[in-house]
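Now for the letters of each chain:
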Amino acid sequence: THYAARVVPVNTPAVVWREINRDLVSVAERGSAEDAVELLAHLVEQGRAVSQNFNQVVSILVDADNGDMALQLAEDAAACNLATGATFRPLLLDCCRRNALGELGHIRSLMKSLGVQTDSHAVAQMITTHFRNRQAFVAEALLEEQELAGTANIFMYNALMRGYSKAGLPSKALSV
């Protein structure tokens with residue numbers, strides 16, 4: 001299912017979108033993740049869906065092991081200018097958890113092509129994952145990319161330091 005760009009303004013009060021997210025989770029728990037997707041489609045039709053609701057349903061789908069549908073929904077959110085790093089975060093973290101590095105690279109490439117910036121929590125986890133897979137050079141490149149974008153932060157540097165330390169490179173860890 002593809003979603004129209006008819007949505008409420010981004011400045012929707014948190015109390016409103018949180019209530020909708022509670023409803024989305026409740027529907028998924030009582031039925032299925034696909035039921036939450038259906039509810040989201042109705043919210044879009046009514047002009048009531050916001051970015052955070054897409055984020056919630058992507059997370060629900062990932063938790064239900066439906067990564068393909070989650071990725072499609074994240075892409076749809078991006079097409080509506082509603083995707084953020086938080087929209088793709090569950091997909092990225094799931095790839096890290098499963099050590100699915102090829103999939104991780106695919107999702108990151110897709111995000112770049114859609115103009116969606118990876119959030120710092122996901123970047124820190126990706127750095128850790130690449131070190132776990134003996135890919136320090138990829139972890140370093142990830143951090144360098146964030147530095148160039150001006151988005152590097154303490155969590156990313158800590159992940160890099162921890163990775164060097166676990167790899168038996170304490171002098172490199174101290175140089176970060």
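What you see is a predicted model; the values in this text were computed from it and never measured.

Colleague: Before we move on, can you summarise helix 4 (residues 67-79) with the specific residues and values?
Modeller: In an α-helix, one turn spans 3.6 residues, which is why side chains three or four residues apart end up on the same side. For helix 4, built from 13 residues, the straight-helix expectation of 18 Å at 1.5 Å per residue is met to within 8% by its first-to-last C-alpha distance of 18 Å. Listed as buried for helix 4 are Ala70, Leu71, Leu73, Ala74, Asp76, Ala77 and Ala78. Contacts made by the buried residues of helix 4 are with helix 2 (33-45), helix 3 (51-63), helix 5 (85-98) and helix 6 (101-114).

Colleague: I'd love a proper account of the environment of Ala136, names of residues and values included.
Modeller: Structurally, Ala136 can be placed in helix 8 (residues 136-149). According to the relative accessible area criterion, Ala136 is partly exposed, its value standing at 23%.

Colleague: Tell me about the pattern of salt bridges, and name the residues and values.
Modeller: According to the stated counting rule, one finds 7 salt bridges in the structure shown. As a salt-bridge pair, Asp119 and Arg89 come within 2.4 Å of each other at their nearest N and O atoms. Within this pair, whereas Asp119 is found in the loop between helix 6 and helix 7 (120-132), its partner Arg89 is found in helix 5, the two being separated by 30 residues in sequence. Take Arg89: its relative accessible area is 30%, and that puts it in the partly exposed class. Residues Asp94 and Arg98 are paired through a salt bridge, measuring 2.9 Å at the closest nitrogen-oxygen approach. In this pair, Asp94 and Arg98 both sit in helix 5, 4 residues apart, roughly one turn of the helix.

Colleague: Could you give an account of the side chain of Gln146, with specific residues and numbers?
Modeller: Tracing the chain through its elements places Gln146 in helix 8. A relative accessible area of 1% means that Gln146 is categorised as buried. Aside from chain neighbours lying at most four places away, what touches Gln146 is Gln117, Thr118, Val123, Thr151, Ala152 and Met156.

Colleague: Account for the state of the cysteines, with residues named and values stated.
Modeller: Applying the stated criterion across every chain, the model contains 0 disulfides. For the unlinked cysteine Cys96, the closest cysteine sulfur is that of Cys95, found at 7.0 Å. Given the relative accessible area of 1%, Cys96 is considered buried.

Colleague: Explain the packing of aromatic side chains to me, and be specific about the residues and the numbers.
Modeller: One pass over the structure, following the stated rule, counts 1 aromatic pair. Consider the rings of Phe131 and Tyr164, whose centres lie 5.2 Å apart with planes at 80°: the pair is edge-to-face. With Phe131 in helix 7 and Tyr164 in helix 9 (residues 154-166), this pair connects stretches of sequence that are 33 residues apart. By the burial criterion, Phe131 is buried, and Tyr164 matches it.

Here is what the cut-offs are and how they apply
Residues numbered from 1 in each chain as written. Predicted model: local features only at pLDDT ≥ 70, side-chain atom pairs only at ≥ 80, totals over all residues. Heavy atoms only, no water. Helix = DSSP H or I, 4+ residues; strand = E, 2+ residues; numbered from the N terminus. Expected span 1.5 Å × (residues − 1). Buried < 20%, exposed > 50% of the residue type's maximum accessible area, 1.4 Å probe, protein only. Contact = heavy atoms within 4.5 Å. Salt bridge = Lys/Arg side-chain N within 4 Å of Asp/Glu carboxyl O. Disulfide = S-S within 2.5 Å. Phe/Tyr/Trp six-rings, centres within 6.5 Å; stacked < 30°, edge-to-face > 60°.

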